[in-house]
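One-letter residues, chain by chain:
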Amino acid sequence: MPLHVPPAPAPALRSVLAALGSPTAVHEAHTPALRDLQGPMTAELPLPVHVLDRLNISGLPSGGRPPRTRLTGWRFLIRSGDRYVAAADTRLTPDGWAFSHFFEGPYVAATERALRQAESLGKNYQPRLLSVPELYMLTLWLHGSVGADASAGLPAAADLLIPLAPAPPGIAAYRPHPVSELLPVLTHRLTPSAPPVPPSVAAPAA
């Protein structure tokens, strides 16, 4: 089933398109893939980027305090021809949404792969990105309420999280996990005496 990609704020999209049309912005970016391209580029697949601020739960859906998230930006994948070559981030300023920066690297391909994987799951989801800064971790957050405001809301217990590569040591990239399963594991990772990662979450041994 197709994913229900949420519409980005119009000013965010306009700011990215303006940056793509600016030779200065493209050539000053630390993205050789953009600087070396010839031909048109488009900004596609807007995803709201949420940050997980509070990881002190003892388990979901019951027990402890729920996680707290905040929207930090919107991310667009930049397409040239038949492939995604980079991404563009926007941020909220006192004057509204504005272009932040271009970037390339493993998270671009990882996001595209996880989105394709999500489409094959057979359920309707609203895709988002959820970052866990303390663990240097980024996940594709598949929110079950497809009509929800993409800029708000908390991870529901039945939502899915797909860790993107590179994932933290011991966490399997591209393996979908219910929020109720993965968030407690991440919480334990941040405690001084973290227990072993359950087999359902751990990456297979090499």
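Here goes a summary of the coordinates provided.

Rules behind the numbers
Residues numbered from 1 in each chain as written. Predicted model: local features only at pLDDT ≥ 70, side-chain atom pairs only at ≥ 80, totals over all residues. Heavy atoms only, no water. Buried < 20%, exposed > 50% of the residue type's maximum accessible area, 1.4 Å probe, protein only. Helix = DSSP H or I, 4+ residues; strand = E, 2+ residues; numbered from the N terminus. Pairing = 2+ DSSP bridges. Contact = heavy atoms within 4.5 Å. Salt bridge = Lys/Arg side-chain N within 4 Å of Asp/Glu carboxyl O. Phe/Tyr/Trp six-rings, centres within 6.5 Å; stacked < 30°, edge-to-face > 60°. Lys NZ or Arg CZ within 6 Å of the ring centre and 35° of its normal. Core = buried A, V, L, I, M, F, W, Y, C linked by side-chain atoms within 4.5 Å.

Moving on, we come to the pairing of strand 5 (residues 126-132). For strand 5, the buried fraction is high: seven of the seven residues fall into the buried class. Of the two faces of strand 5, the one holding Gln126, Arg128, Leu130 and Val132 and the one holding Pro127, Leu129 and Ser131 are both buried throughout. In this sheet, strand 6 (residues 137-143) lies alongside strand 5 in antiparallel orientation, the contact comprising seven bridges. Paired with Leu130 across the strands is Thr139, a residue of strand 6. The turn joining strand 5 and strand 6, which pair antiparallel and follow one another in sequence, is formed by four residues; a positive phi near 50° is taken by Tyr136.

With an omega dihedral of 5°, the bond running from Ala165 to Pro166 counts as a cis peptide bond. Following the sequence through the fold, Pro166 ends up in the loop between strand 7 (160-163) and strand 8 (177-178). Phi at Tyr136 is positive, roughly 50°, even though this residue is not glycine. Take Tyr136: it is sitting in the loop between strand 5 and strand 6. Look at Tyr174: it is not a glycine, yet its phi comes out positive at around 70°. Inspection of the secondary structure puts Tyr174 in the loop between strand 7 and strand 8.

This part is about the side chain of His50. Looking at the element boundaries, His50 is found in strand 1 (residues 42-54). Classification of His50 by relative accessible area gives buried; the value is 1%. His50 has contacts with Thr69, Arg70, Leu71, Arg128, Leu129, Leu130, Ser131, Trp141, Ala150, Ser151 and Ala152, leaving out every residue within four places of it along the chain.

In this structure the tally under the stated criterion is three salt bridges. The partner of Glu44 in a salt bridge is Arg79, and the shortest N-O contact between them spans 3.0 Å. Here Arg79 lies in strand 2 (residues 68-80) and Glu44 lies in strand 1, a separation of 35 residues in the sequence. Under the relative-accessibility criterion, Glu44 is labelled partly exposed at 24%. On the accessibility criterion, Arg79 (23% relative accessible area) is partly exposed. Note that Arg116 is salt-bridged to Glu112, the shortest N-O span being 3.3 Å. On the criterion of helical spacing, the pair formed by Arg116 and Glu112 is a turn pair, its members being four residues apart in helix 4 (residues 106-119). According to the relative accessible area criterion, Glu112 is partly exposed, its value standing at 22%.

This brings us to the packing of aromatic side chains. Scanning all chains against the criterion turns up one aromatic pair. Taking the centre distance of 4.7 Å and the plane angle of 50° together, the rings of Phe99 and Phe102 count as tilted. Using a relative accessible area of 22% as the deciding quantity, one classes Phe99 as partly exposed. Sitting over the face of the ring of Tyr84, Arg79 holds its NZ or CZ atom 4.4 Å from the ring centroid. For the cation-ring pair, Arg113 lies above Tyr174, with the distance from its terminal atom to the ring centre recorded as 3.7 Å.

Residues Val16, Leu20, Leu34, Phe76, Ile78 and Phe102 are the most contacted members of the largest nonpolar core, which totals 20 residues. Looking at this core, the elements that each hand over two or more residues are helix 1 (10-20), strand 2, strand 3 (83-93) and strand 4 (96-103). Here this core gets four residues from one element, more than from any other, and that element is helix 1.

The quantities given are spatial measurements derived from coordinates; they are silent on function.
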